[in-house]
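The chain contents come next:
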Amino acid sequence: MAAEDDSVIRLKDVSRTFRDFWLRPTVKAVDGLSLTVRRGEVFGLLGPNGSGKSTTIKMILGLLSPSGGEVTLFGLPPRTVAARRRLGYLPELSYLHPFLTAKETLMYYAGLCGLRRAVAAERARELLRMVGLTEVAGRPVGGFSKGMARRIALASALIGRPDLLVLDEPTSGLDPVSTKEVKTMIKALSAGGMTILMTSHLLADAEDVCDRVMIVNHGRSVAEGRIGELGTSLEDFFLAKVGDADDFVLADFLA
Amino acid sequence: MISFWRIFSLEILALVRSRTLAMLTAASVAWMLAFPHLVRGDGTAAGARELDIHFSLGGVFALLVVALLSSATGAIARERAAKRLQLTLVRPVRYLSIALGKILAHVAVGAFVLAVSCGVLAARSDLGRSCSHVLSPVLPSPAEEARDMYDAYLKDPETPEAVRKAPKAVVLRLLTQRAVDHYQTISTNSSTAWRFDLSSAAGDGGPIAVRLRFTNQLEMRQDVVGDFRFGGLSATVSNMTQAVLMVPLAGQGGAPADGVLGFSNRGKTALMLRPRRDINLLTPADAFGWNLLRAYVALVAILAIVVALGIFLSAALGRPVALFVAIVLLVVGEMSPSVVEQYPDELETSIADRIGLVITRFAATVTRPVSSLSPLASLAKDECVEPREMARVALLGSVVLPFAFAILAAFALPRKQDD
């Protein structure tokens, strides 16, 4: 019962079927998935390409509605303003407004989170310092490198001081130094009490930062457990559950 | 509220930094400045002025309609395609704020460009020039007249069976159209009178005139010979006119309290006119400057409706489809009143024609509250853009319709994301 009270994200028997123009079902991306993410933990949603990770994330964010089952954030439907107030999201690509400067980007998202101008400016300064972009605060983000864009996107996700941070492939496309910085940041945020849900196909990254993982394949959960209790490396565990799936990019974690 | 202003300012920034605002302003000012040097009027000051307002300010307005519609239909759809919209949708911001912020930003840009263009027009115009209220005779509404005609038809034993069996709504619609065009015949050596409501006519003591305008499908050419009498004012007219005849009234004393205009036909032939269309009383109104301001407010309100429609379609559809649908709706809305007016005999047409007419009539009904006011035409002819009409259009265009479209857009936003 205590565990249920602690839940930040709950998915109960959730499914999602995509349909064509004539409403005929085309793909069942998620099929009866249930999961619970508890307060303060770093939860990894792992799976090969096309396994339903992104669809699951979008349902958690309220960007997609489930075809069946129930999704709640902090006990609320994800599309409610109250649920979204406690949410931060870093998408797989940064999707920034290219004509805004780094500071304007943060001020914009701070405004959407309801922060007043003075508070937003202070928070933006703080986050720019944290992600190491103070020097380029006045430059349009359209000219940023991928790593810089990723860092400003992460700062945008954190601007509203969220209780839950959803990270979709947070280290995707980053060099080893930036990857290490991001992982350190995730650990620091988790240590500060933030709940984090991340997806990744880089198993080494997940192994480094996650407390608990779920492996999904073909829209279904195939395994779930704490990293320390797997009894083997995450890589072996993953391959055992998913098989030697051709669609899993081995090179990414063997590199 | 903060998030609403953030959406608004982001959209303004996008329009400024993409140079949309600068290009629209530059194109509009260039057109306003160049037009009078490119085209000559009919040689009269009034003709040149009419041409100038119609085509210079009208050109800018047309440009803004097209540009803002194009921009508005992409405002949400483009962000969705670039996946930036999802970053906004996961924030604690109401979907209604997103739609309203984008609508307001586009309207603000349109209002700014239009204000600059009106400023250019004002700089070369005599702002103190007086305008006229254009009053129509007080008559029963066409719908009331149609009901009376319908009752009379039913009582008449010679009424064809087809009319009796036809749906009442269809017959009433046809009779209403007929009532609008109902002709009054004034025989030789007889008199008639029309009453005008002078309560909205402001000025006392200024010039008052009668305007006869025989613009109908037959372009009738009539001899108008007779006497007009309006309280202490009168005029004798002896003229053959094809289109418009202005008859200034003069004399001792002012307008009558009851607003009755009398006419005695002294000509050799009967005079036929449609009181609802062909005769107006022109009474003094305020200055051109005020009229320009009212026309500006009405034009901005119309732009707001166009923009709000574009934002709704952008929320509900992909960009190319939204733009296509918006343009089709705009064309149907613009054409529908004249189609309905010229093609009312649906009783004898095919199924396809009937469907087309139902759609066109619906479009005409929906757009009538706005299309009934023509601020540019009124401004060009020095006719008063009536404050009450302007207020109605402003309320519809600035509040009611944008809010309604914003609610629809807010409903469509998360659902379209589901596709």
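Residues numbered from 1 in each chain as written. Chains lettered and ligands numbered in written order. Predicted model: local features only at pLDDT ≥ 70, side-chain atom pairs only at ≥ 80, totals over all residues. Heavy atoms only, no water.

Here the focus is the overall build of chain A. Counting secondary structure elements, chain A contains 10 helices and 9 strands. Burial analysis of chain A (255 residues in total) assigns 55% to the buried set. Intrachain contacts of chain A at a sequence separation of at least 6 include 66% that bridge at least 24 residues. A total of about 11200 Å² of accessible surface is found on chain A, and carbon and sulfur atoms cover 52% of it. (Helix = DSSP H or I, 4+ residues; strand = E, 2+ residues; numbered from the N terminus. Buried < 20%, exposed > 50% of the residue type's maximum accessible area, 1.4 Å probe, protein only. Contact = heavy atoms within 4.5 Å. Areas by Shrake-Rupley, 256 points an atom, 1.4 Å probe, with all protein chains shown as cover.)

We now examine the environment of Arg 229 of chain B. All names here are of chain B. With respect to the helices, strands and loops of the structure, Arg 229 is situated in strand E5 (residues 222–230). The exposure class assigned to Arg 229 is exposed, which follows from its relative accessible area of 52%. Each C-alpha atom of the pair Arg 229 and Arg 164 lies 43 Å from the other, and the pair is 65 residues apart in sequence. Setting aside its immediate chain neighbours within four residues, Arg 229 contacts Ser 234, Val 260, Leu 261 and Gly 262.

Okay, the sheet that holds strand E10 (residues 279–287) of chain B next. Neighbouring strands of a sheet are bound in pairs by backbone hydrogen bonds; such pairs are parallel or else antiparallel. Residue and element names in this part refer to chain B. The strand order E1-E10-E4-E7 describes an open sheet built from 4 strands, whose pairing is antiparallel. Bordering the open sheet on either side are strand E1 (130–135) and strand E7 (244–249), each of which pairs with just one other strand. Geometrically, the sheet is characterised by an average inter-axis angle of 35 degrees between neighbouring strands, direction not taken into account. Summarising the sheet, strand E4 (residues 208–213) and E7 pair through 6 bridges and their orientation is antiparallel. Among the inter-strand pairings, Ala 209 is bridged to a residue of E7, identified as Pro 248. (Pairing = 2+ DSSP bridges. Axes fitted to C-alpha atoms, helices over the stretch in contact; angles between N-to-C directions.)

This brings us to the packing of helix H7 (residues 142–155) of chain B against helix H9 (residues 168–180) of chain B. Helix-helix packing is characterised by the crossing angle of the two axes and by the distance between the axes. Residues and elements named next belong to chain B. At a minimum axis distance of 8 Å, the contact between H7 and H9 shows a crossing angle of 120 degrees. Relative to H9, the element H7 is oriented oblique. Relative to H9, H7 is oriented so that their crossing is right-handed. The residues of H9 that touch H7, namely those facing Pro 142, Ala 143, Glu 145, Ala 146, Arg 147, Met 149, Tyr 150 and Tyr 153, are Lys 168, Val 171, Leu 172, Leu 175, Thr 176, Arg 178, Ala 179 and Val 180. Across the contact of H7 with H9, the residue classes tally to 11 nonpolar, 1 polar and 4 charged. (Parallel < 35°, antiparallel > 145°, perpendicular 65-115°, else oblique. Left-handed = near helix turned anticlockwise from the far one by under 90°. Nonpolar A, V, L, I, M, F, W, Y, C, P; charged D, E, K, R; others polar.)

Taken over all residues, the pLDDT of chain A has a mean of 86, while the share at 70 or more is 89%. Summarising per-element confidence for chain A, the mean pLDDT is lowest in helix H10 (residues 250–254) of chain A (45) and highest in strand E6 (residues 164–168) of chain A (94). (pLDDT = per-residue confidence, 0-100.)

The next subject is the interface of chain A and chain B. Taken together, the contact pairs 35 residues of chain A with 25 residues of chain B. Counting the surface lost from both chain A and chain B, the interface buries some 3000 Å², and carbon and sulfur atoms represent 59% of this. When the area that chain A buries against chain B is broken down by residue, the three leading residues are Arg 84, Tyr 95 and Leu 112 of chain A, summing to 23%. The interface formed by chain A and chain B holds 1 salt bridge in total. Arg 17 of chain B is the partner of Glu 104 of chain A in a salt bridge, and the nearest nitrogen-oxygen pair spans 2.7 Å. Linking chain A with chain B are 11 residue pairs in polar contact (both at pLDDT 80 or more). Contributions of two or more residues to the side of chain A that touches chain B are made by helix H2 (53–61), helix H3 (81–84), strand E5 (87–90), helix H4 (102–112) and helix H6 (146–158) of chain A. Among the elements that take part in the side of chain A that touches chain B, H4 of chain A stands out by supplying 6 residues, more than any other. Classifying every residue of the side of chain A that touches chain B gives 20 nonpolar, 7 polar and 8 charged. (Buried area = accessible area lost by both parts, 1.4 Å probe. Salt bridge = Lys/Arg side-chain N within 4 Å of Asp/Glu carboxyl O. Polar contact = N/O pair within 3.5 Å; in protein donor to acceptor, adjacent residues only side chain to side chain.)

The next point concerns the nonpolar core. Nonpolar side chains tend to gather and get buried jointly when the protein is soluble and globular. The biggest cluster of nonpolar side chains holds 156 residues, and the ones touching the most others in it are Ile 9, Leu 35, Phe 144, Ile 152 and Leu 197 of chain A. Ignoring sequence-local partners within four residues, the contact set of Ile 9 of chain A consists of Leu 35, Thr 36, Val 37, Ile 60, Thr 72, Leu 73, Leu 164 and Leu 197 of chain A. One finds Val 224, Leu 233, Leu 261 and Leu 271 of chain B within the second-largest nonpolar core, a separate group that totals 23 residues. (Core = buried A, V, L, I, M, F, W, Y, C linked by side-chain atoms within 4.5 Å.)

All names here are of chain A. Taken domain by domain, chain A comprises domain 1 (2–86 + 164–254) and domain 2 (93–161). Facing 13 residues of domain 1, the contacting portion of domain 2 comprises 10 residues. Approximately 880 Å² of surface area, both sides summed, lies buried where domain 1 meets domain 2, with 68% of it carried by carbon and sulfur atoms. When the buried area of domain 1 at its contact with domain 2 is split by residue, Leu 165, Leu 174 and Met 185 rank highest and sum to 40% of it. For the pair domain 1 and domain 2, the number of links is 0 salt bridges. On the surface where domain 1 and domain 2 come into contact, there are 3 residue pairs in polar contact (both at pLDDT 80 or more). At the level of elements, E6 and helix H7 (176–191) are the ones that each hand at least two residues to the side of domain 1 that touches domain 2. Each residue belonging to the side of domain 1 that touches domain 2 can be placed in one class, and the counts come to 7 nonpolar, 2 polar and 4 charged. (Domains from an automatic or database assignment.)

All names here are of chain A. Ordered in space as E5-E6-E7-E3-E8-E9, the 6 strands form an open sheet in which the pairing is mixed. Both outer strands of the open sheet, E5 and strand E9 (220–226), are each paired with one neighbouring strand and no more. Between one strand axis and the next, the sheet turns through 15 degrees on average, direction left out of account. Alignment of strand E8 (residues 212–217) against E9, held across 6 bridges, turns out to be antiparallel. Across the sheet, the residue bridging to Asn 217 is Arg 220, located in E9.

On to the pattern of salt bridges. Summed over the entire model, instances satisfying the criterion amount to 25 salt bridges over all chains. Arg 125 of chain A serves as the salt-bridge partner of Glu 122 of chain A, at 2.9 Å between the closest nitrogen and oxygen. With Glu 122 of chain A and Arg 125 of chain A both in helix H5 (residues 117–130), this residue pair falls 3 residues apart, about one helical turn. With relative accessibility at 40%, the residue Glu 122 of chain A sits in the partly exposed group. Looking at Arg 125 of chain A, the relative accessible area reads 43%, which means it is partly exposed. Two residues, Arg 123 of chain A and Glu 126 of chain A, come together in a salt bridge whose shortest N-O distance is 2.8 Å. Placement of both Arg 123 of chain A and Glu 126 of chain A in helix H5 is noted, with a separation of 3 residues, approximately one turn of the helix. Overall, Glu 126 of chain A belongs to the partly exposed group, its relative accessible area being 29%. Connected through salt bridges with shared partners, the residues Asp 181, Arg 274, Arg 277 and Asp 278 of chain B form a single ionic network.

The domain architecture assigned to chain B consists of domain 1 (2–133 + 288–417) and domain 2 (183–273). Distance from the C-alpha centre of domain 1 of chain B to the C-alpha centre of domain 2 of chain B: 37 Å.

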